[in-house]
Amino acid sequence: MSATRTTRLPSKAGGGVLGWLGAGLVIAALLALPFAGNSYLLTFGFSVLIAYILGQSWDWVAGEMGYVNLGHYIFYGFGAYAFSIALVSGWSMPVSLVFALAVTGLLALLLAVPLFRLHGDYFAFATLALLPLMEVLAYNLTPITKGADGIVLPVAQVLTPAYLLALAVCVIAFIATLQINQLRFGYALKSIRNDEQVAETVGVRIAPVKRLVLVISALFGAAAGALQAWQMSYIDPATVFGLNVSLVPIAMVLFAGSGLRFGPLVGVLLLASMQQWLLVNIQGYQATLYGLTILLIGRFMPGGFLRAKWVKKVPGLAALSREHHEYAGEAEGVSAQPDVLPLPRLRADCAKPLIELQGVRMQFGGNVAVNDVSLKINEGEIVGLIGPNGSGKTTLFNCISGVYTPSAGKVLFAGQDLAAFGRDGIARLGVGRTYQIPRPFGDLTVQENIAIPLMFGAQPMSPRDAMREARAFVDYAELSSRLTDRADALSVQEKKALEFARALATRPRLLLVDEVASGLTPVEVKRFVEHIRHMRDRYGITVIWVEHIFSALEQVVDRVIALEQGTLIADGPLAEVVKDERVLSTYLGASARSRQGVLPC
Amino acid sequence: MKNCVTRILATAGLALLMSGPATAKQNSCSDPILLGTTISETGPFSTLADRWRKLTEVFAEEINKTGGVMVKSCGKKLPLKFVIYDDQSVPATALQLFEKMATVDNVDFFVGPDWSSLGGPVPPLADKHKIPMVMANVATPAVYERGLKYIWGTPFPVVPNWSARYFDMITKVSPQPQSIYFITHDNPVMKGISATWSKKAEAQGLKVLGNETFSPEMKDFTALIAKVRAAKADVIYIASYDNASVPLVQQMRQLRVRAMDVHHTMLTGALFRQVGKDIEGMTGELSWYPGVKGDYSDLVETVMKRSDVTMFDYIWTLGRLTSYLTMVQAIEKAGVVDRERVKEALFKGTFKSPAGDVTFDEKGFPNTGAFTVQMQNGKVNVVWPPEVATGKLVWPSPTWQQ
Amino acid sequence: MEVLLQVLIGGVLLGGLYALVAFGLSLIYGVARILNFAHGTLLAVSGVLASLAFTAWQLHPLLIATLLGPMMFVFAYGYYHLLLRPLAKRSHFESTVGTVLVTVGTLMILSDLTAKAAGATQRNIPLRMPVIEYGDIIISTTQLLILAGIVALTVIMHLLLKHSWFGRAVRAVTQDAVGAQICGVQSTRIKAMTFAFGSATVAIAAVLYVLSFPVDPYMGFSLTVKAFTIIVVGGVGNLPGALLAGVFLGVAEGLTGLYWKPEWAPALSVVAMLVILVAYPKGVGVKT
């Protein structure tokens, strides 16, 4: 249903030197502001800076990682209170500021534990509800916060130093945004935004990443709160936790475009200026006009107006609307040899079991999806896994890759009990998988999709190197023409090819392939079978292949395992298994036995 | 990229253009006197400041009908003009707007703002620009304790005087109350009132049986009222904003609370409109009421009538109007539109208002007081002190007995 | 002992009111998956209108409710078609963001327009209803009516959803809008009707609300937050759950006031929600 966008990324803009020069000029102008003698503009400028700090720090968690933290303002308020309490107790301003940052960072760390158990809308609700909670705490913990009286800070005319400090924090925030997107950290965020579970199964450690981004976001929020408290010299619970102001920075970022490099900046500048203009020039109905603007953008340009189609056509604006896709098209130093992947050529020791399931059971409430399955697969084997729909094949894959933790039994991989490993650990051990319905990282490019497993694998690579190395996989999957296209713009077949290539990029020793061949023409099936064989023959990868198309399996598997309603009913060479009575009756019903036939291929 | 650079240069140019040194045009005899203020026209505080823009504009019109403010050094009256912005109940916004008025609009003096949320951050600005600021409804004493030299305030009444007349009154009634129970709205002014007056009550020999605080959003007072009923105090003292106490009063009636008197620190028309007959018999404070004659009472009555505001409904109005009256009189006393001279006049002078004289201490804190009133048969009557009473006190309070 | 009983009764009745506010949101979010930030503001605006109708034209509250409900239904239906339906076609990210922006913008506009038209002052319907006395216990008739009303409404909706074709269609749309369409259900129409119906419920709730408590144009958002916490605690889409959650919260707040301090009561619903979410990250209860 969604509009597919074949987004070609802009070629590396020649903005390099001019961009930095422009930025330098802007910063110089901003630095000069306190000395221009207009304290109105300075006060307004200060509030814009604060809004930017809040908006940008919010966007790391929301735009980059996809978690909409509606309660971001609590970090602002908490920082403001911590700072004020410290200052009033007699500590110097710098010490109070550091104190505020430290304490708020700690709060974020504590909150991360319960909050990140939630996802999507529930995360949004929970964070939203934190605001009134903090307000009540501020009202009632009177010995610490002075309750409704608020905290009165000593009067000091600190507008200029506060402004300069805020400017410094803004610059740091912007640079942080650039840096985040150039490091692996940024790719981890973006992979979480698209599909957390898949991110884990390609090796991304998501829990520390989530904690870290929340803490960083909190630190900047706290800085904004502390600086504003310092400048206002008075805070009370309603001012810093009020619901009437807490959504404003968020609306500003969403207005221009969350997740864009210049989104928060443009959004804050435009909406703050608009609000100020309305306040000063229009009498009455400013809130209505402001609300109407936000409403119209939401209705017609919900990705933010910088993502609207017409923006790409306006020269100046197009530069502002760039998404975070670094290292696009990186390709230096990649071998041009077809069919050669930068994968290690494993020596398969055919005697040793690579993966062993001992009495694995997976139960959901009363439903037993996998029923005491035991099997052994040696290195270098290609094993087919068959069974009717609902027989537990994908569940079995999920148990092996750690998506589910088995209710009973053990999964041993190269002798190690996988129970001790998380999903990302299992991926790094060498278990790679595809999904029945392809799950690419939709808003990332084909190249980035493949680079991410390379970045987070057992031998991690830097983003630049990973993007280069990804070329080889992309070429192998015959997606070279789609290198810089967004993954969600691909056709289903292309997505399947991407899925397969991405699984390979995890440098697996064991590859779990889940029904990749359905929908392919016989020629494509044959090609795919060759790929599988190539994987094993050249790179020593062990493969378990779930498939319904027996003609495909027939060409390449060493043996077949059959499941029925979670129970293993057959395990042996293909020819035997397809004659097995239980397998026949599973697929064709009891009447098949009387026919003494062979499964149609 | 060329556009990028042009954009940046334009922004820088604009910034420089908009900033110029602010010159105060003081001591002028030809320009109108410019008073700058913000009003909370939108946002949570706007419920307290209904129609105040109209009120302010009408005030200026009425003053200007006779020519304006008398400025001796010019030998004539100068018209009064207000610069009014909406602070949206947000302190940061108020700060920006006051900065604008100081540096771009070049106002002569400031009046307002209201509320402690704004009365905290805004005053240092007055000191910075050395512009006298007579705040209106800012009653939190802490705001005046910061060593600022350019601020005064006209909240009506101030916490130390709030129930002075009431507590005087109850020493002279029969039967004399022996005990008192405080119910306090979680708000700095109200908490200040309870703190001050519970001490005074004890000093007077009343036993303080309890003090329960409720949050502004409280809807169900059953538990609180249960505690109050159990205490069986002679006087129940509600220190609360009118609006916040609507469910409290309604539920007190429903749950058959009994007392010799139920006193409410903000017995207003707004409360009356919302609780109806439940308000009958309650005593309260009112700084002034049309009908009680005083200085400028005609002006104030006219202004309120023309802007469709009633004092009983919006009792903060007197604070607002008095800040305007005080500023006007200070300019007249100074004799010249000069900030330093007006500042001196504000500290030294005695200012007339319909509710009595107002003087300020060295912190800019005023000495305003209030009359004790009682709701009798749907009308509000001043019952204490007897000299200005418009009705006789009914004690014990009717309808709170059986 | 009587005090405890009185507090419990008060809590249950208050809880009924909470449930009434949350009811519409539970439907709207459960079926149409719309995070309507303006939900509480709809109540505030309807409440102001109801109060105006009562004081200016002396209309009986029942009449006001019968007028406001359908008016709000029509308004919300049009609102959905014009502003929210087109967003559903976009990507998940855009439709979520778009809905947030549209509803936040709406809440700003509604608050401002209402304050301009009717004044920002707080208002209610000052109708004193008789109370029921049972020994020392006093029960407010208004709130009893509210409780009875919300229970009846919940039961009816629950049965409707479980046993009627319409209800099955609604549940189908909740689980898979596209699949439901393939089966002949007009998903868009169902979502629009649910949104309109949920909003109409809020308008009627507003009339009951202002009989007990005052409203002003700016109080909406905090009510919305409270409604969200209730539907989460009760389980999204679970109407009886929302009722129970509302009652539970009302009682808990009352007990907090009795045995501890009243000023902590508002924090309770939030803490309850957070605790529930931590224990059941996917939410509590079974979808209807």
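Each remark here, short or long, concerns the structure printed above.
Sequence order as written defines residue numbering, which begins from 1 separately in each chain. Chain letters start at A and ligand numbers start at 1, both assigned in the order the entries are written. Owing to the predicted nature of the model, reporting of local features is limited to residues with pLDDT of at least 70; listing and counting of side-chain atom pairs is limited to 80 or more, with chain, interface and lining totals taken over all residues.

### A closer look at the overall build of chain B
Consideration 1: Numbering of helices and strands starts at the N terminus; helices are DSSP runs of H or I of at least 4 residues and strands are runs of E of at least 2. When its secondary structure is counted, chain B shows 14 helices and 16 strands.
Consideration 2: Radius of gyration: over C-alpha atoms. The globule rule applied is 2.2 Å multiplied by the number of residues raised to the 0.38 power. In terms of overall size, chain B behaves like a compact globule, its C-alpha atoms giving a radius of gyration of 23 Å where 402 residues would be expected to give roughly 21 Å.
Consideration 3: Projected onto its principal axes, the C-alpha positions of chain B cover 80 × 60 × 35 Å.
Consideration 4: Burial is judged by counting other C-beta atoms within 10 Å of a residue's own C-beta: 20 or more means buried, 12 or fewer means exposed, and anything between counts as partly exposed, with every C-beta placed from the backbone. Across the 402 residues that make up chain B, the buried fraction comes to 58%.
Consideration 5: Counting only contacts in chain B whose residues sit at least 6 apart along the sequence, the fraction spanning at least 24 positions is 69%. A residue pair is marked as a contact if its C-beta atoms, positioned from the backbone, fall within 7 Å.

### Details of the interface of chain A and chain C
Consideration 1: Chain A puts 35 residues into the contact, and the matching count from chain C is 40 residues.
Consideration 2: At the level of elements, α5 (120-140), α13 (248-256) and α15 (286-300) of chain A are the ones that each hand at least two residues to the side of chain A that touches chain C.

### Some words on the interface of chain A and chain B
Consideration 1: Counting from both sides, the interface comprises 40 residues of chain A and, opposite them, 47 residues of chain B.
Consideration 2: When contributions to the side of chain A that touches chain B are tallied by element, the ones reaching two or more residues are α1 (16-32), α2 (39-64), α10 (206-232), α11 (237-241), α12 (243-246), α14 (263-281), α15 and α16 (315-320) of chain A.
Consideration 3: Per-element accounting of the side of chain A that touches chain B gives the leading share, six residues, to α2 of chain A.
Consideration 4: The residue makeup of the side of chain A that touches chain B, split by class, is 22 nonpolar, 16 polar and two charged. Under the scheme applied here, ten amino acids are nonpolar (Ala, Val, Leu, Ile, Met, Phe, Trp, Tyr, Cys and Pro), four are charged (Asp, Glu, Lys and Arg), and all others, including Gly, are polar.

### Here we look at the sheet that holds strand β10 (residues 235-239) of chain B
All names here are of chain B.
Consideration 1: Taken in spatial order, the seven strands of this open sheet run β9-β8-β10-β11-β12-β15-β16, and their pairing is mixed. Every interior strand has two partners, whereas the edge strands, β9 (207-214) and β16 (379-384), have only one. Across the sheet, the mean angle from the axis of one strand to that of its neighbour is 25°, orientation sign disregarded.
Consideration 2: For two strands to be treated as a pair, DSSP must find no fewer than two bridges joining them. By the bridge criterion, seven bridges tie strand β8 (residues 179-185) to β9 in an arrangement that is parallel. The residue bridging Ile 183 from the neighbouring strand is Glu 212, located in β9.
Consideration 3: Axis lines are fitted through C-alpha atoms, for helices just across the contact stretch, and the angle between N-to-C directions can take any value from 0 to 180 degrees. Here helix α8 (residues 188-203) sits on the sheet in contact with β8, β9 and β10, set at roughly 170° to β8.
Consideration 4: Sheet contacts for helix α9 (residues 222-231): β8, β9 and β10; angle to β9, the most-contacted strand, approximately 175°.

### A short note on the sheet that holds strand β8 (residues 431-433) of chain A
Residue and element names in this part refer to chain A.
Consideration 1: Spatially, six strands are ordered β8-β9-β10-β5-β11-β12 in an open sheet, and the strand pairing comes out mixed. Among the strands making up the open sheet, the edge pair consists of β8 and β12 (567-572). Between one strand axis and the next, the sheet turns by 20° as a mean value, whatever way the strands run.
Consideration 2: Alignment of strand β5 (residues 382-386) against strand β11 (residues 559-564), held across four bridges, turns out to be parallel. By the bridge assignment for β11, Leu 385 is matched with Ile 561.
Consideration 3: Sheet strands in contact with helix α22 (residues 522-539) are β5, β9 (510-514) and β10 (542-546), and its direction is about 155° off that of β10.

### A few points about unusual backbone geometry
Consideration 1: At the junction of Phe 156 of chain B and Pro 157 of chain B, the peptide bond is cis and its omega measures out at -10° in the coordinates.
Consideration 2: The peptide bond linking Ser 174 of chain B to Pro 175 of chain B adopts the cis configuration, its omega dihedral lying at 0°.
Consideration 3: Of note, the phi angle at Ala 414 of chain A is positive, near 50°, even though the residue is not glycine.
Consideration 4: By secondary structure assignment, the location of Ala 414 of chain A is in the loop between β6 (408-413) and β7 (416-417).
Consideration 5: On the basis of neighbour count, Ala 414 of chain A is assigned to the partly exposed category, with 15 C-beta atoms found within 10 Å.
Consideration 6: Backbone geometry at Thr 399 of chain B places phi at a positive 70°, although glycine is not the residue there.
Consideration 7: If you trace the backbone, Thr 399 of chain B turns up in the segment after β16.

Function cannot be inferred from these measures alone, as they are strictly geometric.
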